[in-house]
Amino acid sequence: LTYEVTASHIDTGAGEGVLLCFEDVTSLEQVGQMRRDFVANVSHELRTPLTALIGFIETLRGPARRDEAAQDRFLGIMEREAHRMERLVRDLLSLSRVEAEERVRPTDRVDVAAILGSVLRALEPVAAESDVSLVQTGPTEDVRVLGDEDQLRQVMTNLAENAIKYGGKGKQVRVEVTTSEDVAALRGPGVEIAFHDQGPGIDLVHIPRLTERFYRVDSHRSREMGGTGLGLAIVKHIVTRHRGRLRILSEPGQGSCFVISLPMQ
Ligand code: ADP
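Analysis parameters
- Each residue is numbered by its place in its chain's sequence as written, counting from 1.
- Selection of residues for local features in this predicted model requires a pLDDT of at least 70, selection of side-chain atom pairs for listing and counting requires 80 or more, and totals for whole chains, interfaces and linings are taken over all residues.
- Hydrogens and water are ignored here; the side-chain numbers use all heavy atoms of the structure.
- Using a grid of 1 Å spacing that covers the protein atoms alone, one calls a set of points a cavity when a 1.4 Å probe fits there but cannot get out, and a pocket when the set is open and has protein on both sides within 12 Å along at least five of seven lines; lining residues are those with an atom within 4 Å of a point.
- Grid points are joined across faces, edges and corners, and a volume is the space filled by probe spheres set on the points.
- Amino acids outside the nonpolar list (Ala, Val, Leu, Ile, Met, Phe, Trp, Tyr, Cys, Pro) and the charged list (Asp, Glu, Lys, Arg) are all regarded as polar, and Gly is one of them.
- For two strands to pair, DSSP has to find at least two bridges joining them.
- Runs of H or I in DSSP of at least four residues are treated as helices and runs of E of at least two as strands, each being numbered from the N terminus.
- Each residue is tested against the molecule or strand, and it is near if at least one of its non-hydrogen atoms lies within 4 Å.
- Polar contact is defined as a pair of N or O atoms within 3.5 Å, subject to the rule that within protein one atom must be able to donate a hydrogen and the other to accept it, and that residues adjacent in sequence are counted only when both atoms are side-chain atoms.
- Areas reported here follow the Shrake-Rupley algorithm with a probe of radius 1.4 Å; residue values treat only the protein chains shown as occluding.
- Just a note on the criterion: a molecule sits in a pocket or cavity if more than half of its atoms are within 2 Å of the grid points.
- For a helix, the expected span equals 1.5 Å multiplied by the residue count minus one.
- Only protein chains enter the accessibility calculation, which uses a 1.4 Å probe; a residue whose area is less than 20% of its type maximum is buried, one above 50% is exposed, and one in between is partly exposed.
- Contacts were defined at the residue level, with two residues in contact if any of their heavy atoms lie within 4.5 Å.
- Per residue, pLDDT measures the predictor's confidence, with a range of 0 to 100.
- Exposure above 30% relative accessible area and the absence of a salt bridge qualify a residue for a patch, where like charges join within 9 Å and nonpolar side chains (Val, Leu, Ile, Met, Phe, Trp, Tyr) within 5 Å.
- Between Lys or Arg on one side and Asp or Glu on the other, a salt bridge is scored when a side-chain nitrogen of the former is within 4 Å of a carboxyl oxygen of the latter.
- The criterion for an aromatic pair is that two Phe, Tyr or Trp rings (for Trp, the six-membered ring) have centres within 6.5 Å, with stacked assigned to planes under 30 degrees apart, edge-to-face to planes over 60 apart and tilted to the rest.
- Remark: a charge is flagged as sitting over a ring if the NZ atom of Lys or the CZ atom of Arg is within 6 Å of the ring centre and within 35 degrees of the ring normal.
- UniProt positions are given in the numbering used here, feature names are shortened, and annotations may be inferred rather than shown by experiment.

Caption draft 1: The arrangement of empty space enclosed by the protein in detail. Within the structure shown, the criterion is met by one cavity of 30 Å³ or more. Counted as a void, the largest cavity has a volume near 80 Å³. Around the largest cavity sit Glu45, Thr48, Pro49, Arg84, Met85, Leu88, Arg216, Arg223, Gly227 and Thr228, which together line it. Residues belonging to the lining of the largest cavity are distributed by class as follows: three nonpolar, three polar and four charged.

Caption draft 2: View of the pairing of strand 6 (residues 172-183). Examined bridge by bridge, strand 4 (residues 133-137) and strand 6 share five bridges and lie parallel to one another. Along strand 6, the bridge assignment pairs glutamine 136 with valine 175. Pairing of strand 6 with strand 7 (residues 188-196) involves eight bridges; the strand directions are antiparallel. Counterpart to serine 180 in the pairing with strand 7 is glycine 190. Two successive antiparallel strands, strand 6 and strand 7, enclose a turn made up of four residues, where arginine 187 displays a positive phi of approximately 55°.

Caption draft 3: Representation of the site of the ligand in the model. Taken together, 18 residues sit near the ligand, with Tyr166, Asp197, Ser222, Thr228 and Leu232 positioned nearest. Within the side chain of aspartate 197, an N or O atom sits 2.8 Å from a nitrogen atom of the ligand. Separating an oxygen atom of the ligand from a backbone N or O atom of glycine 229 is a distance of 2.8 Å. Contact with the protein chains covers 95% of the free accessible surface of the ligand, which is 530 Å². Structurally, the ligand is housed in the largest pocket. For the shell around the ligand, the elements supplying multiple residues, two or more each, are helix 4 (149-167), helix 6 (231-241) and strand 9 (256-263). Top contributing element to the shell around the ligand by residue count: helix 4, with three residues. Taken together, the residues of the shell around the ligand break down into eight nonpolar, seven polar and three charged.

Caption draft 4: Inspection of helix 2 (residues 68-101) at higher detail. With 34 residues, helix 2 should cover 50 Å at 1.5 Å per step; its first-to-last C-alpha distance of 50 Å lies within 8% of that length. Those residues of helix 2 not exposed but buried are Ala70, Phe74, Met78, Glu81, Arg84, Met85, Leu88, Asp91, Leu92, Ser94, Leu95 and Val98. Elements that come into contact with the buried residues of helix 2 comprise helix 1 (26-61), helix 4, helix 5 (219-224) and helix 6.

Caption draft 5: Summary view of the confidence of the model for the chain. Model confidence for the chain is summarised by a mean pLDDT of 94, while 100% of its residues fall at 70 or above. The ipTM value of the predicted complex is 0.98, and its pTM value is 0.88.

Caption draft 6: Main features of a nonpolar patch on the surface. Taken together, the side chains of Leu1, Tyr3, Val5, Val18, Leu20 and Phe22 present a nonpolar region at the surface, about 680 Å² in accessible area. When residues of the nonpolar patch are traced back to their parent elements, those giving at least two are strand 1 (3-11) and strand 2 (16-24). Considering the arrangement of structural elements, one finds valine 5 in strand 1. With a relative accessible area of 43%, valine 5 lands in the partly exposed category.

Caption draft 7: Molecular detail of the pattern of salt bridges. Summed over all chains, the structure comprises 13 salt bridges. Residue glutamate 81 is joined to arginine 84 by a salt bridge in which the shortest nitrogen-to-oxygen separation is 3.1 Å. Remark: arginine 84 and glutamate 81 occur in helix 2; sequence separation between them is three residues, near one turn of the helix. Like arginine 84, glutamate 81 is buried. Glutamate 212 is the salt-bridge partner of arginine 209, the closest N and O atoms lying 2.9 Å from each other.

Caption draft 8: Representation of the packing of aromatic side chains within the structure. Taken as a whole and assessed by the stated rule, the structure comprises three aromatic pairs. With a centroid separation of 6.4 Å and 80° between ring planes, the pair formed by tyrosine 3 and phenylalanine 22 is classed as edge-to-face. Residue tyrosine 3 is located in strand 1, and its partner phenylalanine 22 is located in strand 2; the two are separated by 19 residues in the primary sequence. Taking relative accessible area as the criterion, tyrosine 3 reaches 45% and is therefore assigned partly exposed. We note arginine 213 situated over the ring of phenylalanine 38; from NZ or CZ to the ring centre the distance is 4.3 Å.

Caption draft 9: Representation of the UniProt feature "domain: Histidine kinase" (unreviewed entry) in the chain within the structure. The UniProt feature table records "domain: Histidine kinase" (unreviewed entry) at residues 41-265. Helix makes up 48% of residues 41-265 and strand 20%, and the two end C-alpha atoms of the span are 40 Å apart.

See below:
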C-alpha cells in the first residue's frame, strides 16, 4: 500500500495541534508503474530490431562491401527486422484504439460464424506452410452478435494464428462454434468459439498472465516466430468490449484451447 501524507498545523482554540491526512494512492501508484513498465517494454522491443538494423548497415558499408553473398543474407535479415518493427507498431496502434473504445458498445449485427470462415480461408496459405490442417466445426453462418466486424476478425485471426504457430508442424487446428441459450461463462444466451491446437500446451503458472502486454512463455521462440507479445492483450480488450469472456484451457502435453464467449440477445 502507498499513502500520501499531508500535515497541517491547526489551532482549535482549545489548543494547537497537527492534522495528519493519509490518502491511499496505491491504485494511482500502480497505474503510474504500469505506464512506466509499458514505455520501458515498448522501447526495448523497438530498440532490439533497430540495433540489428544499424549493425547490419554498418557491416554492409564496411566489411561486407564487396561480398555479394553476405550482402544478400544481411539484407534478408534487415528485411525481417524491419517487418518486425512494422508489426509492433501496427499492434500498438490496434491496442491503443481498442483501449480507447472499450466503453463504447458495438451496435452492428455481425455473423461471427461467417467471419470465422473467411478468417480461416485467409490463413490457409500460412497453415499450409507449416503443414497444419485447419478445420471449422459447428454452424458456418447465421450466428449473429452485436459486434465490430473488424475487431472480431482480428480476435479470430490472432487466436487462429497462435494455434497454427504454437500448435506445431503437421498438426491439426480445430475451431468449434457452438451456440447455447445458457453459456455458463456468460450466464445467458451466447456463442462460443473454441480454438483447439495439438501443441505442447502451456504450464498453469503462465496462463493468468498470457493476456498481459508483452508477456511470453518463451520470448526467444515468440520473437523467432514473428510474435509481438501483444496479440492476446488485444484479444482480451476486444472481447471485453463485446461483453464477452476469454478462457484459456491448457496443460503441458495436452494442447491448448482458447475459448471466446460472446453474448447473443
Ligand atoms: P505472441 O506475439 O508472442 O504470439 P501473444 O500475446 O499472441 O503474443 O501470446 C502470448 C504468449 O502466449 C506467446 O508468446 C506464447 O508463449 C503463448 N501462447 C499463445 N497462444 C498459444 C498456444 N496456442 N499454445 C501455446 N502457447 C501459446
